[in-house]
Each structure stands twice: as C-alpha cells, then as structure tokens.
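Close look at the chain arrangement
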Amino acid sequence: MRYPIIIAAFALLASCTSAATAPRLTPISAGVAEASGIAGIVDDDAEIREFVLRNEAGMTVRFLNYGAVITAIEVPDEQGQFENVVLGYGSESEYRALNGNNLFGAVVGRYAGRIANARFNLDGKEVQLQPNLGKHALHGGAEPGIAFKIWNVEPFKDGQNVGARLTLTDPAGAQNFPGELDLRVIYILQPDNSLRIE
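Below is a short write-up of the structure. In this text the structure is predicted, and so the values were computed from the model without any measurement.

1. Here we look at the nonpolar core
Residues Phe63, Trp151 and Tyr187 are the most contacted members of the largest nonpolar core, which totals 21 residues. Elements with a minimum of two residues in this core: strand S4 (50-54), strand S5 (60-64), strand S6 (70-76), strand S14 (161-170) and strand S15 (180-189). Per-element tally for this core: the top contributor is S15, with 5 residues. With residues near it in sequence (within four places) discarded, Phe63 still touches Arg49, Glu50, Phe51, Leu53, Val69, Ile70, Thr71, Val153, Ala164, Leu166 and Tyr187.

Set out below in structure tokens:
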C-alpha cells in the first residue's frame, strides 16, 4: 500500500551560529548549484551532496540530500551584511555523528513528537516500533529514519523562484511502520527573501 504525503513536520531551528562553525558561502548567480570544494560542508561521504539556492537579492539557502537537512540560510541584516541564521554543524560528518539527538534542520517523520512505549494500535492490531528515547519513539524513531536517509533532489528555476524538489520512499516495515510511504518536500527561495517549504 502506498501513502503519498507532503511533509509538513520538520525540525528547522533558526538561530545564529558562530563564525567559527558557519561555512562561508561561494557566490553563485541566482539559481541552484551543487556546492563543492572548500566552501561546502561535505567532507567524507561520496553519497552526500550539498545544494545551494540563491536568489537575485543574494539570499542563500544550503541543504544536504542527507535527511533534507537545511544547513545554512544566509540573509542580510540591517546593515546589509549576510549572516547564517540556522543552528547546525560545520561539516557533513558532524551531522551524521551528532544530529541524531538534535535533528538540526532535518525533515523528521513518519511523525513529529513522541509515541509512548513505541507502540500504537492500527485496525485493532498493535504495532511495536523501534524505540529511540528509552522505551519511547521520538520524531520518527530510531535510525535510519527519514532524517538519516539520502533523498533524491531535483533542482528547478521557475521565473524568479529557485528551488528543489526532494523525494524519498520509505519502505513498508521501516522501523516496523506498516505501509510504504512516498515523501516529497519542496524548498522554494523567492525574490523577496522568503523561503517557502511545502
């Protein structure tokens, strides 16, 4: 059985990071690019990619195909200086090693919140999930949940909007959840410096 869904629950925590951990961004023209080299945060996993959205005003959004994690949002302050306002880590390996507890910038699911005792009833039948918070299941449960998987990324440009469609299929039985789940998240950076997430 397949269940299409548009993810609305994600853990995007906005806060200022220190200059020591925030990567400096390579200027690109308005559009979508794949980050590489010293400016990016991908360091040791060939499967993980970092993507950059940039609008004409210079606002930049960076994200990984790993967990659909938003790693940086650089916006201008009142003096016009661009600063990263996303709480996170400085490298992809840190996201893999440390983000299991925090889920900074990641899309979480199949649910957001806590399922007591990591179980629920479905059609009169008890479903026992894999716990990840003592005996409970939190934010989609134990790894490898969707916050720890490689998503497919399809960049696009639509008029002055730049964005990316991220998709993932979570198979039936993942963490003991019934049913296959098709997920889609769309990041859209608009010319007015707003980021829309669908």
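2. Describing unusual backbone geometry
Each neighbour pair has its own omega, and for Gly109 with Arg110 the value is 20°, a cis peptide bond. Considering the arrangement of structural elements, one finds Arg110 in the loop between strand S8 (106-107) and strand S9 (114-115). The phi angle at Ala118 is positive, at roughly 50°, despite the residue not being glycine. Along the chain, Ala118 turns up in the loop between S9 and strand S10 (119-122). A positive phi is found at Asn193, a non-glycine position, where the angle reads about 65°. Looking at the element boundaries, Asn193 is found in the loop between S15 and strand S16 (195-197).

Reading guide: rules and limits
- Residues numbered from 1 in each chain as written.
- Predicted model: local features only at pLDDT ≥ 70, side-chain atom pairs only at ≥ 80, totals over all residues.
- Heavy atoms only, no water.
- Core = buried A, V, L, I, M, F, W, Y, C linked by side-chain atoms within 4.5 Å.
- Buried < 20%, exposed > 50% of the residue type's maximum accessible area, 1.4 Å probe, protein only.
- Helix = DSSP H or I, 4+ residues; strand = E, 2+ residues; numbered from the N terminus.
- Contact = heavy atoms within 4.5 Å.

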